[in-house]
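Close look at the chain arrangement
The primary structure of each chain is shown beneath.
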Protein chains: 2
Amino acid sequence: MDDKKIRTMEDFAEVSGISRPTLSKYFQDPESVRQSTRDRIETALDSYDYRPNIFAMNQNRKLTRTIGIVVPYLTDPVFGEIARTIEQQCLIAGFRAALFSSHGDRESEIEALESLRSLRPSGVLLSPLGRFSDRDYIASFCESVPTVIFDRDMEGVGEAFVGSDNRSFVNQSVEYLTRTGEPPCFFEMKNPSNPNSIARRENYKKTMESLGLEPVIVQVDGSGWEFERIGYEGGLKALDERAFPTNTVLCSNDRLAIGFLAACYERGLRVGRGSGHALRVAGHDDHPQSRFSCPSLTTVAHEYDKLSEAAVQQLFDLIESGGRFGERRVTLFPARLTLRSSA
Amino acid sequence: MDDKKIRTMEDFAEVSGISRPTLSKYFQDPESVRQSTRDRIETALDSYDYRPNIFAMNQNRKLTRTIGIVVPYLTDPVFGEIARTIEQQCLIAGFRAALFSSHGDRESEIEALESLRSLRPSGVLLSPLGRFSDRDYIASFCESVPTVIFDRDMEGVGEAFVGSDNRSFVNQSVEYLTRTGEPPCFFEMKNPSNPNSIARRENYKKTMESLGLEPVIVQVDGSGWEFERIGYEGGLKALDERAFPTNTVLCSNDRLAIGFLAACYERGLRVGRGSGHALRVAGHDDHPQSRFSCPSLTTVAHEYDKLSEAAVQQLFDLIESGGRFGERRVTLFPARLTLRSSA
DNA sequence: CAAAAAACTTTCCGCGCGGAAAGTTTTGAG
DNA sequence: CTCAAAACTTTCCGCGCGGAAAGTTTTTTG
């Protein structure tokens, strides 16, 4: 371990007895050199502890082996979880990950992508804000950087989209709820920024109509990312106004549902199925907290692992295809109904 | 906007009529050139849309103007929130932010720091895992990179620590609970990885003893980061075993408390103060969800903003001091008791 | 074992910028 | 208006690595 003054690849070439260009090849892809050479390099490597200068590398390389990850709101544990999964898969594949959050804000989203662009990433995994995104900017970004959109779609933008099948989500929840009790009312924000929310509302309508039932949509005010608060305050108001004609409430997402459950608790309404309960409540997304709400929340779960894996895989495909697919690829994952106590 | 072939600073010098070295100065610090020159550059800048190559810049610069942020578990909204705040303050100060999560794992923490080291950041804000951290590695990292430790301390490591005063936290909660009802039992994980947890337990003991009361500590099994689950499962067990001699439970942190509340709900125990309630429950941290638990959780709040701000400020001081303070600086923030319905 | 292929070495240049040195222009205080 | 200080320009070199070209060695194939 006499790591004296091995600062450059030249230095390391000298002490390891391998020529600099071969070392260069090795550091870009260890598989690209002969096994015997690789062994010699790796032996020297743990004697001298040298690491190539990342800036000098990326300055000249075409592919920087960096993957950008942009999520709309990192504080939401769902995105935290997704980011975590994706990051680890990138690392395993030998890429570095650069993580950015849009903080729910249009300008921040642009800033993140701008930072990312200057990093010249091999590819980007982007979950856009949705309605608040600067569509034109993002479209032009996707033109210059291989980008896969995930979780929330932006139609026509990017070479691929990987997300959940909102139809499957709502079908399952509505079907279950109507089969086991009164038909559900749909509880949501008036102006959701999330395209998934809009798709879910439309699918709720369609599903109800196809069942010959009257859709009832209860919309509450509120903007921003404090969904629990919005669900809580809007829930109190809706309950007090008796806005729900049936005893079953299907929330657009779990965070809203958790807020709504807090409102029910506040008003002394017992939530759950069976006698002795005033209301049934269900959500969508299987938020990590929904397992520990009171009562635990019946919801429809994403397969986060599969989604993350597929998104990463699509991006790697895209990178290998030189940044272009023939046509936009869309991968949707079905949902899994998760029964708990609330409905 | 004829941004044709302005790829290098040389190109931009030509079209802007400013010499390359002056441009170089400008991009490192706009204040370092004369106002009139700055105006000329900025005028040219929005005509030609040039941005210096970040890799070429950082290759030669001493300070990369990058701040590394490492948190133990990004999926925890508390850290998400802190990371968000810190990131924005760095951006305002003209630094880029590189965000990493240790994912609760020793190896990942080392990997994050290793990645960071190769980025040659101006400074690093690190919230270590705690008991699971490789103390020696982190200490040596702090030797080579200006580092401020925050939120959870690692004694003697890093040039500065910014966090919360756990004594103040526990003092306030214990004092309030004893004053308004039966004295609290302390509910926690058996082997907390978080140094804050350990400090809180010790302070609970001391505070109780100083009040002439017998401390009662209920420890539950479980490891990892699923605190709600641990609180829920351990809570069920403890309730069934009648492990709490008083009707008041003080949880080491809010996530544990949220799990415990779910256990209480499951067992049909009404939580809250006043008659008609079986149990009082309180937590620490003011987790974003604790406002919407059932019932809403009485807790002791961090001043996240101040903490983040102070951590960033300390780091900037440290960077300006050339990476060394005379002696280790410790900044602690007191807590703010936040009364809600649960106690 | 010979010939072809693969892997390696040597040499050279370039990437886009930082920074030093020396000379020139601009600024502002008296 | 004068002159020194401040700000700028010109010129040059270096950072650490990527990558091409041409030559040499090793491995593979029949």
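Residues numbered from 1 in each chain as written. Chains lettered and ligands numbered in written order. Predicted model: local features only at pLDDT ≥ 70, side-chain atom pairs only at ≥ 80, totals over all residues. Heavy atoms only, no water.

**Some details on the relation of the copies chain A and chain B**
Rotating chain A by 180 degrees and moving it 0.0 Å along the rotation axis overlays it on chain B with an RMSD of 0.1 Å. Such a combination of turn and shift is consistent with a two-fold rotation axis. Closest to the rotation axis within chain A is the C-alpha of F55 of chain A, separated from it by 2.4 Å. Comparing interface residues between copies, 100% of those in chain A also lie at the interface in chain B; the contact surface is shared. (Least-squares fit on C-alpha atoms with pLDDT ≥ 70 in both. Contact = heavy atoms within 4.5 Å.)

**Some remarks on the state of the cysteines**
Per the counting criterion, the structure on display carries 0 disulfides over all chains. Unpaired in terms of disulfides, C251 of chain A finds its nearest cysteine sulfur in C264 of chain A, a separation of 8.3 Å. C294 of chain A forms no disulfide, and the closest cysteine sulfur to it belongs to C294 of chain B, at a distance of 5.2 Å. (Disulfide = S-S within 2.5 Å.)

**Brief notes about the sheet that holds strand β4 (residues 147-151) of chain B**
Residue and element names in this part refer to chain B. Strand order in the open sheet formed by 6 strands is β2-β1-β3-β4-β5-β11, and the pairing between neighbours is parallel. Where the open sheet ends on each side, the last strands, each with one partner, are β2 (96-101) and β11 (329-333). Averaged over all neighbouring strand pairs, the angle between strand axes comes to 15 degrees, with direction disregarded. With 3 bridges connecting them, strand β3 (residues 123-126) and β4 associate as parallel partners. (Pairing = 2+ DSSP bridges. Helix = DSSP H or I, 4+ residues; strand = E, 2+ residues; numbered from the N terminus. Axes fitted to C-alpha atoms, helices over the stretch in contact; angles between N-to-C directions.)

**Quick word on the sheet that holds strand β6 (residues 185-189) of chain B**
All names here are of chain B. Taken in spatial order, the 4 strands make up an open sheet running β7-β6-β8-β9, and their pairing is parallel. Each edge of the sheet is formed by a strand with only one pairing partner; in this case those strands are β7 (217-220) and β9 (280-282). Across this sheet, the average inter-strand angle for adjacent strands is 25 degrees, counted without regard to direction. Here β6 pairs with strand β8 (residues 248-251) via 3 bridges, running parallel. Paired with F187 across the strands is C251, a residue of β8. The sheet strands contacting helix α10 (residues 227-240) are β6 and β7, and the helix crosses β6 at an angle near 130 degrees.

**Looking at the protein's contact with DNA strand C**
If you check the shell around DNA strand C, you find 26 residues, and the closest are S19 and T37 of chain A together with M9, S24 and Y50 of chain B. Restricting the count to atoms of DNA strand C within 4 Å of the protein gives a sugar and phosphate share of 67%. Here a phosphate oxygen of DNA strand C sits 2.3 Å away from a polar atom, N or O, in the side chain of T37 of chain A. Side-chain polar atom of Q28 of chain B to a phosphate oxygen of DNA strand C: 3.1 Å apart, as the coordinates give it. Broken down by element, the residue count for the surface near DNA strand C peaks at 4 residues, all from helix α4 (residues 54-60) of chain B. In terms of residue class, the surface near DNA strand C is made up of 8 nonpolar, 12 polar and 6 charged. (Near = heavy atom within 4 Å. Polar contact = N/O pair within 3.5 Å; in protein donor to acceptor, adjacent residues only side chain to side chain. Nonpolar A, V, L, I, M, F, W, Y, C, P; charged D, E, K, R; others polar.)

**Topic: the nonpolar core**
F187, F260 and V281 of chain A together with F187 and F260 of chain B are the most contacted members of the largest nonpolar core, which totals 116 residues. If you look at the next biggest cluster of nonpolar residues, it comprises 41 residues, including L113, Y137, F141 and M154 of chain A. (Core = buried A, V, L, I, M, F, W, Y, C linked by side-chain atoms within 4.5 Å. Buried < 20%, exposed > 50% of the residue type's maximum accessible area, 1.4 Å probe, protein only.)

**Re the pattern of salt bridges**
Residues and elements named next belong to chain B. The tally for this structure, following the rule as stated, stands at 42 salt bridges over all chains. Residue R201 pairs with E202 through a salt bridge whose shortest N-O separation is 3.9 Å. Take R201: its relative accessible area is 15%, and that puts it in the buried class. Here R329 makes a salt bridge to D317, at a shortest N to O gap of 3.6 Å. Here R329 is found in strand β11, whereas its partner D317 is found in helix α12 (residues 304-320), with 12 residues between them in sequence. (Salt bridge = Lys/Arg side-chain N within 4 Å of Asp/Glu carboxyl O.)

**Thoughts on the packing of aromatic side chains**
All names here are of chain B. Inspection of the entire model under this criterion finds 22 aromatic pairs over all chains. A ring pair is formed by F186 and Y204, whose centres lie 5.0 Å apart and whose planes are at 25 degrees; its orientation type is stacked. Of this pair, F186 sits in strand β6 while Y204 sits in helix α9 (residues 195-210), placing them 18 residues apart in sequence. Take Y204: its relative accessible area is 0%, and that puts it in the buried class. (Phe/Tyr/Trp six-rings, centres within 6.5 Å; stacked < 30°, edge-to-face > 60°.)

**Things to note about the interface of chain A and chain B**
Taken together, the 42 residues of chain A in the interface contact 42 residues of chain B. Here chain A meets chain B over a buried area of about 4,300 Å², counting both sides, of which 56% is carbon and sulfur. Looking only at chain A, the three residues that lose the most surface to chain B are F55, Y265 and F292 of chain A, adding up to 18% of its buried area. Applying the counting criterion to the chain A and chain B interface returns 2 salt bridges. Salt-bridge contacts for R51 of chain B lead to E114 of chain A; the nearest nitrogen and oxygen are separated by 3.4 Å. Here chain A and chain B share 4 residue pairs in polar contact (both at pLDDT 80 or more) between them. Examining the composition of the side of chain A that touches chain B, we find that 7 residues originate from one element, helix α5 (residues 77-92) of chain A, more than from any other. For the side of chain A that touches chain B, the per-class residue count stands at 18 nonpolar, 13 polar and 11 charged. (Buried area = accessible area lost by both parts, 1.4 Å probe.)

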